[in-house]
Amino acid sequence: MEIMQEDYGEIDGRTITAFTMVNDHGMEITCLDYGCIITKIVASDRNGHFENIVLGFDSIEEYQKYSPYFGAIIGRFAGRIKNAEFNLNGKIYQLAKNNNDNHLHGGLQGFDKVFWETKTALEADSTKLEFTYLSKSGEEGYPGNLLMKVTYTLNNKNELIISYKGESDESTLLNVTNHTYFNLSGNLKRDILNHQLTIKSRKFVELDERLIPTGKILSVENTPFDFQNGRKIKDGMTSGHVQNWIAGNGYDHPFLLTEQHNKEIILLDEESGRELIIETDEPAVVLYTGNQLEADESYSIRGVPSRNYLGLCLETQGLPDSIHNPHFPSNILKKGEVFQSVTKYKFDIKS
Ligand code: G6D
């Protein structure tokens, strides 16, 4: 196991540090102390070719100019909050309207756009990066001084384990995730349309045209949202299902998981043999298939022109806009409570 660090760039005069963790099998993960952004994951294919399997940049300027949350930790609240306001214990809180009239991904300067204090640890079979951030009361409109801790662990089983811990001195909202876009083909040589995805989920959340939950939870039965037995992502592009259309000819939907920590999410790229197995104690996963990567102005990602479906996100989390849907699992973090969650990403090879 190794962990290396180097200057990556700077923002507002503060140097950004890039950390690279390497395990004994040659798997590498590079991330920044800015937004805990994962910029690169290098993993082998079935022929021993080590290639990058996530969307990321090599300069902070590109992240600032183009990145739709590539690789970042998202919070205080991942997903949307309708009308960018919520009532908690009788008080109305106003948030940034940074996505139409709604609030998205923690606002204008969410967890993805702040510096995190970092500690490293190196053990025989694992290496850890512990990120800490104190989100002050009123930051982005949220109540409570919230102390967040996020730990990235890479071990010799080719697993990346992300653990989250949050405590607040006032009741607040907390729904955190990691927004890495995966592309298992290697160095973005293909898009993700032929990736096969399996999700242990029988229900998904209906969205309106603004991608806000309507409150209805739909069955996946006989729809392109049924991933229980494995399905190619491309099915969602051409299905004609109104929810695929609403998402911009793809998926942008939360799925309620039927099981935890039992191979509940499996992404496979047959051609390379790369397989990603995700297990979590979160109640849901948002599948976003990069339907909006075709930016107004074109940009390239390490030399590959950005285009829709070049990467997909599997954001383990609570449900968006849960504060306005009491029948959804709650994301209220009460004063003095401790929020904890763990998501494990195992990078495997399908023979
Ligand atoms: C779009 O609706 C999608 C979100 O789910 C995604 O996280 C974001 O782009 C990057 O707003």
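Rules behind the numbers
Residues numbered from 1 in each chain as written. Predicted model: local features only at pLDDT ≥ 70, side-chain atom pairs only at ≥ 80, totals over all residues. Heavy atoms only, no water. Helix = DSSP H or I, 4+ residues; strand = E, 2+ residues; numbered from the N terminus. Rg over C-alpha atoms; globule rule 2.2 N^0.38 Å. Buried < 20%, exposed > 50% of the residue type's maximum accessible area, 1.4 Å probe, protein only. Contact = heavy atoms within 4.5 Å. UniProt positions renumbered as here; feature names shortened; annotations may be inferred. Salt bridge = Lys/Arg side-chain N within 4 Å of Asp/Glu carboxyl O. Pairing = 2+ DSSP bridges. Disulfide = S-S within 2.5 Å. pLDDT = per-residue confidence, 0-100. Phe/Tyr/Trp six-rings, centres within 6.5 Å; stacked < 30°, edge-to-face > 60°.

### Some remarks on the overall build of the chain
- Helix and strand counts for the chain stand at two helices and 30 strands.
- In terms of overall size, the chain behaves like a compact globule, its C-alpha atoms giving a radius of gyration of 19 Å where 351 residues would be expected to give roughly 20 Å.
- Each of the three principal axes of the chain carries a C-alpha extent, and together these read 60 × 50 × 40 Å.
- By residue count, 58% of the 351 residues in the chain fall in the buried class.
- Across the chain, every contact between residues at least 6 apart in sequence was considered, and the portion connecting residues at least 24 apart equals 66%.

### Overview of the UniProt feature "binding site: beta-D-galactose" (unreviewed entry) in the chain
- Under the UniProt annotation, "binding site: beta-D-galactose" (unreviewed entry) lies at His179, Thr180, Tyr181 and Asp252. For the annotated residues, spread through 74 residues, the largest C-alpha to C-alpha distance comes to 14.2 Å, consistent with a single compact locus.
- Mapped onto the elements of the fold, threonine 180 is located in the loop between strand 16 (177-178) and strand 17 (181-182).
- Judged by relative accessible area, which is 2%, threonine 180 ranks as buried.

### What about the pattern of salt bridges?
- Overall, the coordinates contain 13 salt bridges when judged by the stated rule.
- The closest approach of N and O atoms between aspartate 58 and arginine 302, which form a salt bridge, is 3.1 Å. Taken together, the residues aspartate 58 in the loop between strand 5 (50-52) and helix 1 (60-66) and arginine 302 in the loop between strand 26 (300-301) and strand 27 (304-305) connect sequence positions 244 residues apart.
- Residue aspartate 58 is classed as partly exposed on the basis of its relative accessible area of 49%.
- Put simply, arginine 190 and aspartate 269 hold a salt bridge, and the shortest N to O gap is 2.9 Å.

### Thoughts on the sheet that holds strand 28 (residues 312-317)
- Taken in spatial order, the six strands make up an open sheet running 17-28-25-22-19-20, and their pairing is antiparallel. The sheet is open, and its two borders are formed by strand 17 and strand 20 (213-219), each paired with just one other strand.
- Of the pairings in the sheet, the one linking strand 25 (residues 284-288) to strand 28 comprises five bridges and is antiparallel in character. Within the sheet, the bridge partner assigned to valine 285 lies in strand 28 and is threonine 316.

### Observations regarding the UniProt feature "active site" (unreviewed entry) in the chain
- UniProt records the feature "active site" (unreviewed entry) at His179 and Glu315, using the numbering of this structure. Sequence-wise these annotated residues cover 137 residues; spatially they are packed, their C-alpha atoms never more than 6.0 Å apart.
- Discounting chain neighbours no more than four positions away, the residues touching histidine 179 are Pro68, Tyr69, Phe70, Gly71, Ala72, Ile74, His105, Tyr288, Cys313 and Glu315.
- As for its position among the elements, glutamate 315 is in strand 28.

### A few points about the pairing of strand 25
- Burial within strand 25 is extensive, with five of its five residues counted as buried.
- Of the two faces of strand 25, both are covered, the one formed by Ala284, Val286 and Tyr288 as well as the one formed by Val285 and Leu287.

### Comments concerning the state of the cysteines
- Tallying each qualifying case throughout the model produces zero disulfides.
- For the unlinked cysteine cysteine 31, the closest cysteine sulfur is that of cysteine 36, found at 7.8 Å.
- On the accessibility criterion, cysteine 31 (0% relative accessible area) is buried.

### A short note on the confidence of the model for the chain
- This prediction gives the chain a mean pLDDT of 97; 99% of its residues lie at or above 70.
- Here strand 27 stands out as the element of the chain with the lowest mean pLDDT, 95, in contrast to strand 16, whose mean of 99 is the highest.

### Focus on the packing of aromatic side chains
- Scanning the model with the defined rule gives 22 aromatic pairs in all.
- Their ring planes at 85 degrees and their centres at 5.2 Å tell us that phenylalanine 57 and tyrosine 63 sit as a pair that is edge-to-face. Assigned by exposure class, phenylalanine 57 and tyrosine 63 land together as buried.
- The interplanar angle of 85 degrees and the centroid separation of 5.6 Å between the aromatic rings of phenylalanine 111 and tryptophan 116 together place this pair among those described as edge-to-face. Grouping residues by exposure puts phenylalanine 111 and tryptophan 116 together as buried.

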